[in-house]
Amino acid sequence: MASTQDPYAELRALEREFFRIDDDVVRRIRKLKPRLMDYAARALDTVFDHLKTNPIVADYFADEDNLAFLTSGMLAHCDRVLSARFDADYYEAVSQMGLRHSKLDYPSFVYTAAYSNMLTSMQQRAAKDKKRFSDEDAAALNRIALYDVELAQAAFFQHQIEKVRALNADMAKVQHLIDRPNAA
């Protein structure tokens, strides 16, 4: 019988250790989640306003249907990240997000910048909030967010590599057909 254990569990635990995502960070993020979700929902407008004015992506973000889809998707992802449950569903969701970003074919910095702008907006809201947001709270948010963006970008580039490999394989097939002598 095949093992149902995650073959990447050890690697993922090592990654989280490097990001210093320990039990304290997880507890802190889960406790802060309701506040952070509020900050995230309010931060989306500033993120989208920035994207709508950037000539590289303005056409995509000007479409209201795209914005509705992206808003719900980003809030669902924030909910998943801020739940701090590093399970198979989380890692699959991050991989799928990287795949969707890869399919859009925008440069990777578009996604990193959007993530950075969202995180910055959330932090600014936390700093202005009447409820205390400690240095430890901010550090926990940064650790979780940077880990998440690392995973998303890694998935983005993995999908980019897979596209190049598929294209190269197709080109090799076509070249073989071109080079093949005509059968009489």
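Up top is the structure.
Here the structure is a predicted model, which is why all the values come from computation and not from measurement.

Re the overall build of the chain
Item 1. A count of helices and strands for the chain gives 7 helices and 0 strands.
Item 2. Secondary structure elements of the chain, listed N to C terminal, follow the sequence α-α-α-α-α-α-α.
Item 3. The C-alpha radius of gyration of the chain comes to 20 Å, more than 25% above the 16 Å expected for a compact globule of 184 residues.
Item 4. By its C-alpha atoms, the chain is 85 × 50 × 25 Å across when sized along the principal axes.
Item 5. Counting over 184 residues, the chain shows a buried share of 36%.
Item 6. The long-range share in the chain, meaning contacts at least 24 apart out of those at least 6 apart in sequence, stands at 80%.
Item 7. When the accessible surface of the chain is summed, it comes to about 12,000 Å², and 56% of that surface belongs to carbon and sulfur atoms.

Some thoughts on the side chain of Arg12
Item 1. Among the structural elements, Arg12 can be located in helix α1 (residues 9–18).
Item 2. Residue classification places Arg12 among the buried residues on the basis of a relative accessible area of 18%.

Points about the nonpolar core
Item 1. Ile29, Leu36 and Phe86 are the most contacted members of the largest nonpolar core, which has 45 residues in total.
Item 2. If you list the elements that add at least two residues to this core, you get α2 (23–52), α3 (58–62), α4 (64–82), α5 (88–104), α6 (108–128) and α7 (135–179).
Item 3. In terms of residue count, α2 provides more of this core than any other element does, 13 residues in total.
Item 4. Apart from the residues lying within four places of it in its own chain, the contact partners of Ile29 are Leu36, Leu82, Ala84, Ala140, Leu141 and Ile144.

Concerning the packing of α4 against α5
Item 1. Interhelical geometry of α4 versus α5 gives an angle of 145° and a closest axis separation of 10 Å. In this structure, the crossing between α4 and α5 has a hand that is left-handed. In contact with His77, Arg80 and Val81 of α4, α5 contributes Asp89, Tyr90, Ala93, Val94 and Met97.

Comments concerning a nonpolar patch on the surface
Item 1. Side chains of Tyr8, Leu11, Leu14 and Phe18 sit close together on the surface and give an oily, nonpolar patch of about 460 Å² of accessible area.
Item 2. Within the secondary structure layout, Leu14 lies in helix α1.
Item 3. Overall, Leu14 belongs to the partly exposed group, its relative accessible area being 41%.

Looking at α2
Item 1. Residue Lys33 marks the point of greatest curvature in α2, where the axis turns by about 60°; the proline Pro34 follows within four residues.
Item 2. N-capping of α2 is provided by Asp22, with a side-chain oxygen placed 3.2 Å from the backbone N of Asp24.

Some points on the packing of aromatic side chains
Item 1. With the rule as written, the count across this model stands at 10 aromatic pairs.
Item 2. Centroid distance Phe48 to Phe61: 6.1 Å. Interplanar angle 35°. Geometry classified as tilted. You can see Phe48 sitting in helix α2 and its partner Phe61 sitting in helix α3, a full 13 residues away along the chain. Summarising the burial analysis for this pair, Phe48 and Phe61 share the class buried.
Item 3. The side chain of Arg12 reaches across the aromatic face of Tyr91, ending 3.9 Å from its centre.

Analysis parameters
Residues numbered from 1 in each chain as written. Predicted model: local features only at pLDDT ≥ 70, side-chain atom pairs only at ≥ 80, totals over all residues. Heavy atoms only, no water. Helix = DSSP H or I, 4+ residues; strand = E, 2+ residues; numbered from the N terminus. Rg over C-alpha atoms; globule rule 2.2 N^0.38 Å. Buried < 20%, exposed > 50% of the residue type's maximum accessible area, 1.4 Å probe, protein only. Contact = heavy atoms within 4.5 Å. Areas by Shrake-Rupley, 256 points an atom, 1.4 Å probe, with all protein chains shown as cover. Core = buried A, V, L, I, M, F, W, Y, C linked by side-chain atoms within 4.5 Å. Axes fitted to C-alpha atoms, helices over the stretch in contact; angles between N-to-C directions. Left-handed = near helix turned anticlockwise from the far one by under 90°. Patch = residues over 30% accessible without salt bridge, like charges linked within 9 Å, V, L, I, M, F, W, Y side chains within 5 Å. Salt bridge = Lys/Arg side-chain N within 4 Å of Asp/Glu carboxyl O. Bend = angle between axes of the 7 residues up to and from the residue. Polar contact = N/O pair within 3.5 Å; in protein donor to acceptor, adjacent residues only side chain to side chain. Phe/Tyr/Trp six-rings, centres within 6.5 Å; stacked < 30°, edge-to-face > 60°. Lys NZ or Arg CZ within 6 Å of the ring centre and 35° of its normal.

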